[in-house]
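Chain and residue survey
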Amino acid sequence: MQLIVNALGLGGVYALLALGLAVVFSIIGLINFAHGELMTVAGYALLAMLMAGAPFSVAVVGAVVVAILAALIMERVAFRPMRGASVTSLLLTSFAVSKLLEVLFQNGVSARPQPVAMPDWMTGVYSVAGLSIGSGLAISLGTCLIALVALQWFLRRTVAGIAMRAAAEDFEVLRLLGISANRVIATAFALSGLLAGLGSLLWIAQRASVDPLMGFTPVLKALIATVVGGLGSLPGAVVGGVVLGATEVTLQALLPEWLAPYRDAFVLCGVILILLFRPEGLLPAKRVRRNA
Amino acid sequence: MTDLLSVRNLKVRYGEIEVLHGIDLYIPENEIVALVGANGAGKSTLLAAVCGLVPCAAGHIDYAGREVTDWRPERRSRCGIALTPEGRRVFTNLTVGENLLLGGAVHLRDGLRERQDELLGLFPILRRRFSEKAGNLSGGEQQMLAIARSLMSKPKLLLLDEPSLGLSPQMIDTVFDLIASLKQQGLTILLVEQNVALALEIAASATVLVNGSVAVTGPANELASSALVRQAYLGA
């Protein structure tokens, strides 16, 4: 039981990040390596606001808003001029954006991790029905659940959400129906920024520090999760994230000590196995044709 | 009678290769014009150029008295140009209702529900399958949905690309009856159709494309009896 709760905690964060990647990929075919930098941006925004004396709640909301804005600016400045370019060019662009922001943080702020003071209630541990649940973990689980339900509602019940699902399938036809390509893409980026911001806060909550490279590892994991789940498929991203997180936590707990350092190797072997048998991922995306 | 759409000396290139070499096409208001020709003659490319999906290398497209040559597809759609694409291309992951909703989402702020009811009256089969995923519909039903989706926006000009493709003879009759009744309601239609005999029956005039150029254009009944067309397309 304890294991399941922990697994869902980590898996949930991966799922949020993987969703952010998948939302953008499903629409414009871009694997956004700068997604991790959105996390970093959110982290430093949180730190800056806390240092400026803002209340914790304001800083949290502010950090997410900054991540959304950063994602929108990224789209407008870096990716819109590359619209319709090949997958490789888009990939390289996102690497460039990623490195640029990374270096900016390293030189502009500091290469060393900066501590972030978390309020006491976030670090407490509670005992619920015989399970010990850190409040950080509980918040993490709660946030992931709410985010997933809200995202589902958005994609099913609002015109913008339905248009995004349609865009993933056939962007050209959507434009023929008069729905603005720019607006759909901007919405996708805003959504990915929101998810990166949330993911970043949950990540920080468990580490209590920010550093210029903080986004790299989780987003790399999220990328693996999207591939396992089926690149560009939103349900796939969630499943991939949870599966990956669960596997990591389980291995961490079950592997004998002398094997524990090789945990990631075991996880990646598992990924290879899945892809051998299901090269399209667990829940592949349906795509008719795409041309933005 | 004025032309709703006029295409003058239109050239389209895919990379280095020119696929349309100076097309002229005029579509009078409230008429059906048929566009026929062999596979690869450039019919679908011409439709794509009219609705803005492919850029024009040269020439002009005027619609409702305004030059739209450089407009984006979204803007053309908002001004009343709608395309029912070849192969239907409904959003298979979305329900029938969601497909229809997107068809009129930016055009009708308030009248969405009324328009939807109107079209569901016209296509009773879609009402029955309203909450089902479009991917589960049969080919004919998907064609109905694709046409209904383009009509949601109350367009003035409807571009229909191969509406009979893959349909049963019975379904083809239904679709062509519908096209005739749409004209009665004041719509202007450009019809691309493999079934040339059927197209010439319903259209007022027709244009034949051969290798990216207009080979012949004229009243449909004259073309139907011309030796060239009969030989090439009517198998007589």
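All values derive from a computational prediction rather than experimental measurement. (Residues numbered from 1 in each chain as written. Chains lettered and ligands numbered in written order. Predicted model: local features only at pLDDT ≥ 70, side-chain atom pairs only at ≥ 80, totals over all residues.)

1. Description of the confidence of the model for chain B
- In the predicted model, chain B carries a mean pLDDT of 92, and the fraction of residues at 70 or more is 98%.
- Among the prediction metrics, the complex's ipTM stands at 0.90, with pTM recorded as 0.87. (pLDDT = per-residue confidence, 0-100.)

2. Quick notes on the sheet that holds strand 10 (residues 213–219) of chain B
Residue and element names in this part refer to chain B.
- Strand order across the open sheet formed by six strands is 6-7-8-3-9-10, with mixed pairing between neighbours. Pairing within the sheet leaves two strands with one partner each, and these edge strands are strand 6 (81–84) and strand 10. Averaged over all pairs of adjacent strands, the angle between strand axes in this sheet comes to 15 degrees, irrespective of strand direction.
- Pairing of strand 3 (residues 32–37) with strand 9 (residues 205–210), which is carried by five bridges, proceeds in the parallel orientation. Bridging from a neighbouring strand, Val-33 pairs with Ser-205 of strand 9.
- Strands strand 3, strand 6, strand 7 (157–161), strand 8 (188–192) and strand 9 of the sheet are contacted by helix 1 (residues 43–51), whose axis makes an angle of about 150 degrees with strand 7.
- Those strands touched by helix 6 (residues 139–151) are strand 6 and strand 7, and its axis lies near 170 degrees from that of strand 6. (Pairing = 2+ DSSP bridges. Helix = DSSP H or I, 4+ residues; strand = E, 2+ residues; numbered from the N terminus. Axes fitted to C-alpha atoms, helices over the stretch in contact; angles between N-to-C directions. Contact = placed C-beta atoms within 7 Å.)

3. Details of the pairing of strand 4 (residues 58–63) of chain B
Residue and element names in this part refer to chain B.
- Direction of pairing for strand 1 (residues 3–14) relative to strand 4: antiparallel, over a ladder of five bridges. What sits directly across from Leu-5, in strand 4, is Tyr-63.
- Bridge analysis of strand 4 against strand 5 (residues 66–67) gives two bridges, and the strand direction is antiparallel. Across the sheet, Tyr-63 pairs through a bridge with Arg-66, a residue of strand 5.
- Hairpin connection from strand 4 to strand 5: two residues lie between these consecutive antiparallel strands, with Ala-64 at a positive phi of about 50 degrees.

4. So, the domain arrangement of chain B
All names here are of chain B.
- What the domain assignment lists for chain B is domain 1 (1–80 + 156–236) and domain 2 (90–154).
- Relative to domain 2, the C-alpha centre of domain 1 lies at a distance of 24 Å.
- Facing nine residues of domain 1, the contacting portion of domain 2 comprises eight residues.
- Of all the secondary-structure elements, those providing two or more residues to the side of domain 1 that touches domain 2 are helix 2 (73–78) and helix 7 (169–184).
- Split by residue class, the side of domain 1 that touches domain 2 holds five nonpolar, three polar and one charged. (Domains from an automatic or database assignment. Nonpolar A, V, L, I, M, F, W, Y, C, P; charged D, E, K, R; others polar.)

5. Here we look at the interface of chain B and chain A
- On the side of chain A, 19 residues touch chain B, which itself brings 21 residues to the contact.
- Mapped by element, the contributors of at least two residues to the side of chain B that touches chain A are helix 2 and helix 3 (96–104) of chain B.
- Of the residues assigned to the side of chain B that touches chain A, the class counts are eleven nonpolar, six polar and four charged.

6. Describing the environment of Lys-11 of chain B
Residues and elements named next belong to chain B.
- Mapped onto the elements, Lys-11 comes out in strand 1.
- C-beta crowding within 10 Å serves as the criterion here: with 16 such atoms nearby, Lys-11 is assigned to the partly exposed category.
- In sequence terms Lys-11 and Gly-40 are 29 residues apart; their C-alpha atoms lie 15 Å from each other.
- Those residues in contact with Lys-11 that sit more than four places away from it in its chain are Glu-18, Leu-20, His-21, Gly-22, Cys-56, Ala-57, Ala-58 and Gly-59. (Buried ≥ 20, exposed ≤ 12 C-beta atoms within 10 Å, placed from the backbone.)

7. A few points about the packing of helix 2 (residues 35–51) of chain A against helix 3 (residues 56–79) of chain A
Residues and elements named next belong to chain A.
- Where helix 2 meets helix 3, the closest approach of the two axes is 8 Å, and the angle between their N-to-C directions is 145 degrees. The chirality of how helix 2 crosses helix 3 is right-handed. For the pair formed by helix 2 and helix 3, the contact residues are Leu-38, Val-41, Ala-42, Ala-45, Leu-46, Met-49 and Leu-50 on the first element and Val-58, Ala-59, Val-60, Gly-62, Ala-63, Val-64, Val-66, Ala-67, Ala-70 and Ala-71 on the second.
- Of the residues belonging to the contact of helix 2 with helix 3, the class tally is 16 nonpolar, one polar and no charged. (Left-handed = near helix turned anticlockwise from the far one by under 90°.)

8. Details of the nonpolar core
- Formed by 157 residues in total, the largest nonpolar core has its most connected members in Ala-42 and Ala-67 of chain A together with Leu-191 of chain B.
- Here this core takes 17 residues from helix 1 (residues 2–28) of chain A, the largest share from any one element.
- Excluding anything up to four places from it in sequence, Ala-42 of chain A contacts Ala-63, Val-64, Val-66, Ala-67, Ala-196, Gly-197, Ser-200 and Leu-201 of chain A. (Core = buried A, V, L, I, M, F, W, Y, C linked by C-beta atoms within 7 Å.)

9. Some words on the sheet that holds strand 1 of chain B
Residue and element names in this part refer to chain B.
- Taken together, the four strands give an open sheet; going across it, the order is 2-1-4-5, and neighbouring strands pair in antiparallel fashion. What marks the edges here is a single partner per strand, and that holds for strand 2 (17–28) and strand 5.
- On the sheet, helix 1 packs against strand 1, strand 2 and strand 4 and is oriented at approximately 115 degrees with respect to strand 1.

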